[in-house]
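# Coordinates in review
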Amino acid sequence: MEKMFDVVVVGSGPAGYVSAIRCSQLGLKTLCIEESHSDNGKPNFGGTCLNVGCIPSKALLDSSHRYYEANKKLSEHGIQIESLKLDLKSMMKRKDDIVDKLTGGISGLFSANKVESMIGRGKVTDINTVEVTKPDGSTETIDAKNIIVATGSKPIEIPSAKYSKHIVDSTGALCLNSVPKKLGVVGAGIIGLELGSVWSRLGSEVTVIEALDEFLPMTDHDISKETLKEFKKQGLDIKLGSKVTSTKELKNSVKVKFESNDQENEMEFDKLIVAVGRAPNSSNVISDELNIEIEDGFIKVNDFCQTSVNNIWAIGDVVRGPMLAHKGSEEGIMVAERIAEKHTEVNYDLVPSVIYTHPEIAWVGQNEKELKDNNIDYKVGKFPFAASGRALAVDQSVGFVKVLSHAKTDTILGVHVFGPAAAEIVQQALISMEFGSSSEDIALTMFSHPTVSEAFHEAALSANNLAIHIGNKKK
Ligand code: FAD
Ligand code: NAI
């Protein structure tokens, strides 16, 4: 292999592989190094997202939702199924096939874009050097004008519930080989809710143990209130203010002790998923001699993802900000373009978030608490899906759209959705917010009828007390 590159990217997750492709598109000679590989020596490109994150979890969310609908909901539509059977092995195979297709697809994208790749563990040893330790233990030194660290993150382990036969992380939770009768989940965050929902729909009795008293504190308070009610209705037993104090492995199950309101409780589960957050992969990735600061495990970078060494950059989960695939990819594009002397930026004020439960939860911009904390006067427009013809027709009338706009300028400051197609509605909102829209701009836009997006239109109308299909606030 030629040893001098314009750019060496360490890690091929959605931050790294996207960045490598854009670097090459911009005429930079680029190498992407990936540590993970299969037993037959094939690189596992795509990182957490494609292999054990976004994609497999969404595949199982979809399959489990179809099973749940067939099992519990289709009879309401006059569709009777005589002998419904769950074939978990086929469900898992479908998920694995999707993962194989997408990760294999990255090899094709690399070839098409002339990105070179190498299997091994990369370490930045000097300002222009990456040392790669290959699977056979040999090392190779690569010279690079620029280095992009995109090494991602891994699940956090807690001392009171160490991973074992019956205690698994999110990766283990994506490949259980039978449906646990009783499933415990530690952490009512995004993974806990998404994967808790998967197994609950497939028949598990799910108990979620969450340390905080507040449910989904990062969401708008109306969303947090409404979603807690809905998930409890769906059968998730969510125990807030509860901390796991110890676990004990039994032959076929695990005993979990946890404290809630100073009371000690004990439950036994067939499996326990621990989903209490993720930690950045920053250790032993950059030589200490370079003096690049690591803050709470995250590689310290400026707004353009540049470290204190000008030609060394870091992107994705290994740097500050939300641990989301799209945030990492946009950082990867920005860095590639900055290396090519363009002036690209990431708008960190408009990073969308989605929780793929059913219904979905999605938001962008500020919520009511943040606006209050920032002393910004705002207006609220809200529209329930129960008043949307399309939502009723498709049997998805739970939830609402909430639009927050500036009290004086009417500029949209935040959009929060719990309900059908929440992610897509928030994406529409985000595009309009990128162009500085007001709620009146949305109100004056024509929406197809009947669509669930009309709820966004009505929420924007409601911000100015002009909603048509619900009552408005008294003036
Ligand atoms: P990663 O995807 O973690 O990739 C890092 C890569 O670097 C890995 O392939 C790793 O093997 C490699 N690597 C690490 N160290 C080295 C080294 N020293 N040398 C060489 N290679 C190395 N986000 C969303 O936006 N939407 C979702 O729906 C979503 N769902 C998720 C579901 C689950 C169950 C999980 C766990 C996460 C989910 N995420 C989701 C988060 C998303 O997966 C991450 O934010 C994203 O993968 C981060 O991208 P990254 O490129 O920074 O890191
Ligand atoms: P999270 O940060 O979303 O949630 C972790 C939860 O665990 C929090 O509510 C926290 O209070 C709780 N917790 C922490 N320690 C605890 C303890 N000892 N006992 C009980 N509860 C405890 O983290 P999660 O769910 O692990 O996901 C990690 C990250 O992966 C997410 O923050 C997100 O960035 C990404 N992700 C994104 C998805 C998406 O975009 N749809 C889907 C899944 C993951």
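Structure: above.
These lines cover the structure that appears in this document, whether it is placed above or below. (Residues numbered from 1 in each chain as written. Chains lettered and ligands numbered in written order. Predicted model: local features only at pLDDT ≥ 70, side-chain atom pairs only at ≥ 80, totals over all residues. Heavy atoms only, no water.)

Moving on to the pairing of strand E23 (residues 400-406). In terms of burial, E23 is a largely internal element, six of the seven residues being buried. With seven bridges joining them, strand E22 (residues 378-384) and E23 adopt antiparallel strand pairing. Following the sheet pairing, Tyr378 is matched in E23 by His406. Bridge analysis of E23 against strand E24 (residues 412-419) gives six bridges, and the strand direction is antiparallel. When the bridges of E24 are listed, Lys402 appears paired with His416. (Buried < 20%, exposed > 50% of the residue type's maximum accessible area, 1.4 Å probe, protein only. Helix = DSSP H or I, 4+ residues; strand = E, 2+ residues; numbered from the N terminus. Pairing = 2+ DSSP bridges.)

On to the packing of helix H1 (residues 16-25) against helix H4 (residues 88-112), then. When two helices pack together, their arrangement is captured by the angle between the axes and the distance separating the axes. Following both chains from N to C, one finds H1 and H4 inclined at 20°, their axes separated by 10 Å at the closest point. Compared by their axis directions, H1 and H4 come out roughly parallel. In this structure, H1 crosses over H4, and the sense of that crossing is left-handed. For the pair H1 and H4, the contacting residues are Tyr17, Ala20 and Ile21 in the first and Ile106, Leu109 and Phe110 in the second. Partitioning the contact of H1 with H4 into residue classes produces six nonpolar, no polar and no charged. (Axes fitted to C-alpha atoms, helices over the stretch in contact; angles between N-to-C directions. Parallel < 35°, antiparallel > 145°, perpendicular 65-115°, else oblique. Left-handed = near helix turned anticlockwise from the far one by under 90°. Contact = heavy atoms within 4.5 Å. Nonpolar A, V, L, I, M, F, W, Y, C, P; charged D, E, K, R; others polar.)

Ile191, Glu210, Gly277, Met323 and Val354 are the nearest of the 21 residues found near ligand 2. Within the backbone of Ile190, one N or O atom sits 3.2 Å away from an oxygen atom of ligand 2. For ligand 2, an oxygen atom lies 2.6 Å from a polar atom in the side chain of Glu210. Relative to its unbound accessible surface of 840 Å², ligand 2 loses 76% to contact with the protein. For the shell around ligand 2, the two domains that each supply at least three residues are domain 1 (4-155 + 279-348) and domain 2 (167-276). (Near = heavy atom within 4 Å. Polar contact = N/O pair within 3.5 Å; in protein donor to acceptor, adjacent residues only side chain to side chain. Areas by Shrake-Rupley, 256 points an atom, 1.4 Å probe, with all protein chains shown as cover. Domains from an automatic or database assignment.)

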